[in-house]
Amino acid sequence: MSESSNDKRFEQVIRQIDPGCILLRSWSLTGGVSAQVTALEIQFPDDQMQKMVVRQHGAVDLQHNPNIAADEFVLLQLLHDRGLPTPVPYHLDTSGTILPTPYLVMEFIDGEPDFAPPDLPKYIRQMAAVLEKIHRIHSAGLTLSFLPRLVDRVAEKLKNPPAVLDDSLDEGRIRTALEARWPLVLMNPSNLLHGDFWPGNMMWKDGQLVAVIDWEDALLGDPLADLANARLEILFAFGKEAMEDFTREYQRCQTAIPALDFSSLAFWDLWAALRPAGKLHTWGLDSAVEARMRERHKAFIARAFEKLHNLN
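Remember, predicted model here, so these are calculated numbers, not experimental data. (Residues numbered from 1 in each chain as written. Predicted model: local features only at pLDDT ≥ 70, side-chain atom pairs only at ≥ 80, totals over all residues. Heavy atoms only, no water.)

Caption draft 1: Focus on the pairing of strand β3 (residues 35-43). In terms of residue burial, β3 counts as a mostly covered element, since 8 of its 9 residues are buried. Of the strand pairs in this sheet, strand β2 (residues 22-29) and β3 are connected by 7 bridges, and their pairing is antiparallel. From the neighbouring strand, Trp27 faces β3, where its bridge partner is Ala39. Between β3 and strand β4 (residues 49-57), which follow one another and run antiparallel, lie 5 residues, and Asp47 among them has a positive phi close to 75°. (Buried < 20%, exposed > 50% of the residue type's maximum accessible area, 1.4 Å probe, protein only. Helix = DSSP H or I, 4+ residues; strand = E, 2+ residues; numbered from the N terminus. Pairing = 2+ DSSP bridges.)

Encoded structure:
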């Protein structure tokens, strides 16, 4: 961790929460690429100590949605009020008077991502259960119309391919298959999606999943899109058996009425497989790890193509 050089500004940030607060220290948190995240240790007037996090979204996210900070703040309030393991949002500032971009202040989660769980089956069960719970939130009567729609995101991406396709990940073949079936006949309700549900956004402590973080990609759409992204990421991290166990566990957790229709999962698997195209080589991975991910990606899309063929 590195000490922040913006202590003066962060002192102003915390005094918006409580004028009597004292900033003891601040440091940058690493691991994210879409936002600048700074941890603060604060002393309140009653001498209680607390850690908080200041989250500033990056230029790409702000260009895509200028209201992203406010949207994430409202969403976190709704999720926390309904018992989801998410950071508590404390403060939102869109004025630009203290920090140059909108920011939100939220709870510091005492935990960390775990890519080597000692009990992988328990880890998988907890991930599947919380994802299913996320997907039931929209049915609770919440107003989430401020979130973007997955169907618009898919249409935009398919309509605007990059100038150079990533042949190493079969991007052209994936796009052709998706385009041939789009617009997809949607068999499931449009529910809340996390948008980037993967082990790196899960915070663990003592073997327990304590928080799901980084909600800036949240949107409304078919829950199978979230499931497919998680399937691919679990395959990357833990292998095929863990991926299949996760899928079965998610299906077992289903309590929605009517139950989800899983017939289009192969389509959403290919949609998820499009995500690393043109980017995987920029992730700074060890060469052996990248090679393994490419091999697993190839097997993942082969199975998805096979399932799509059997549906025809």
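Caption draft 2: Representation of the pattern of salt bridges within the structure. Per the counting criterion, the structure on display carries 15 salt bridges. Across the pair Arg55 and Glu72 runs a salt bridge whose closest N-O atoms are separated by 3.6 Å. In this pair, Arg55 is assigned in strand β4 and Glu72 in helix α3 (residues 68-81), connecting sequence segments 17 residues apart. A relative accessible area of 4% places Arg55 in the buried class. Put simply, Arg275 and Asp196 hold a salt bridge, and the shortest N to O gap is 3.6 Å. Linking Arg275 in the loop between α9 (265-274) and α10 (287-311) with Asp196 in the loop between β7 (191-193) and β8 (202-205), this pair joins segments that are 79 residues apart in sequence. (Salt bridge = Lys/Arg side-chain N within 4 Å of Asp/Glu carboxyl O.)

Caption draft 3: View of a nonpolar patch on the surface. On the surface, a cluster of nonpolar side chains totalling about 290 Å² of accessible area is made up of Ile22, Leu24 and Met49. You can see Leu24 is positioned in strand β2. Residue classification places Leu24 among the partly exposed positions, given a relative accessible area of 40%. (Patch = residues over 30% accessible without salt bridge, like charges linked within 9 Å, V, L, I, M, F, W, Y side chains within 5 Å. Areas by Shrake-Rupley, 256 points an atom, 1.4 Å probe, with all protein chains shown as cover.)

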